[in-house]
Amino acid sequence: MRLAKYKHLGILAAAFIVVAYGMTSCDDHEAIDKNIYVGHVLCSDGHIASYEECLKQGKEPVAVVFYTSRETTEDGDGLAIGLREIPAVAFSDTLGVNQGTSTDTDSKCGNANTFALYSNNKAESPLAEEVFSVWRYGQSAYIPSVAEMRLLYATLDIVNPIIVRCGGQPVHRQDAGCWYWTSSEVSGQASAKAWLYSLGTGTMQETPKTESHPARCIITLHR
């Protein structure tokens, strides 16, 4: 930031060096922004970039970034939503069983919740079974918690158009179709109810776990 002390020619020379370095690398490729932004897409090989850059490189988009963390933590660098909707299924095949998910509606714990549903040996979860059967690319997809659904709701105006551009199914935001399963059971009623979340209004509703509703998979991003 000391360029003001340089003479005119020195400024031009320094600027030329900076521009030349920023535009090229040892293999003459354009420099790539390593940051993750809402609206970027996750490709099948793990590459994260804008939709345009993904297509330019001939990669297949599989999810859209809807949340980015300000700092790297054990929660990852961001979250992305898959392009396809999980058809309406039940959270559990039976009532009367606490399936071991977190009931904390402020916790980003969807990954752990989905595994708890999948591994519970007292009740089967059609929802978790569906999640584990549909993913093809090695990423650990899961059903978002209530807290993660809030993050998705906050950026849907940006994310939904990108999902459509990628050839995916947009998130429903109207009528009954806007209610999606979270992976969070209801505190004090975990053996019978889990939370539905409206991606149309940002509200939540406790619901018997044997009811059938759609869901959306999300993915934790690590860079």
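Reading guide: rules and limits
Note that residues are indexed from 1 along each chain, following the sequence as it is written. Whole-chain, interface and lining totals are the exception, using all residues; otherwise, since this is a predicted model, local features are given only for residues with pLDDT of at least 70 and side-chain atom pairs are given and counted only at 80 or more. Calculated side-chain values reflect all of the structure's heavy atoms, with hydrogen atoms and water omitted. Helix and strand definitions follow DSSP, with helices as H or I runs of at least four residues and strands as E runs of at least two, each counted in order from the N terminus. Think of it in three bands: with a 1.4 Å probe and only protein chains considered, a residue is buried below 20% of the maximum accessible area for its type, exposed above 50%, and partly exposed in between. When DSSP locates at least two bridges between a pair of strands, those strands are taken to pair. Only the stretch in contact is used when fitting a helix axis, every axis being a line fitted to C-alpha atoms; angles between N-to-C directions are given from 0 to 180 degrees. Residues count as neighbours in contact if any of their non-hydrogen atoms are within 4.5 Å of one another. Any pair of nitrogen or oxygen atoms within 3.5 Å is treated as a polar contact; in protein, a donor-acceptor pairing is required on top of that, and neighbouring residues in sequence qualify only through side-chain atoms on both sides. Put simply, buried Ala, Val, Leu, Ile, Met, Phe, Trp, Tyr and Cys residues joined by side-chain atoms within 4.5 Å make one nonpolar core.

> Looking at this model, I keep getting lost on the side chain of His213. Mind explaining?
Positionally, His213 belongs in strand S9 (residues 212-221). Taking the relative accessible area as the measure of exposure, His213 reaches 15% and is therefore buried.

> Would you explain the sheet that holds strand S7 (residues 193-198) in this entry?
Backbone-to-backbone hydrogen bonds pair the strands of a sheet. The strands run either parallel or antiparallel. Pairing within the open sheet is antiparallel, and its 3 strands lie in the order S6-S7-S8. Whereas interior strands pair on both sides, the edge strands pair on one side only; in this sheet they are strand S6 (179-185) and strand S8 (204-208). On average, each strand axis in the sheet is tilted by 40° relative to the strand beside it, whichever way the strands run. Pairing between S6 and S7: 4 bridges, direction antiparallel. By the bridge assignment for S7, Tyr180 is matched with Tyr197. The sheet strands contacting helix H5 (residues 146-154) are S6, S7 and S8, and the helix crosses S7 at an angle near 5°.

> Help me out: how do you make sense of the side chain of Thr220 in this one?
Note on placement: Thr220 falls in strand S9. By relative accessible area, which is 19% here, Thr220 ends up buried. For Thr220, the side chain forms a polar contact with the side chain of Tyr142, separated by 2.6 Å.

> Teacher, can you tell me more about the nonpolar core here?
Burial of nonpolar side chains together is a common tendency in soluble globular proteins. Counting 23 residues, the largest nonpolar core has Leu42, Ile86, Leu127, Trp181 and Leu221 as its most contacted members. Where this core is concerned, the elements lending two or more residues are strand S3 (61-73), strand S4 (76-90), helix H4 (126-134), S7 and S9. If one sorts the elements of this core by residue count, S9 sits on top with 4 residues.

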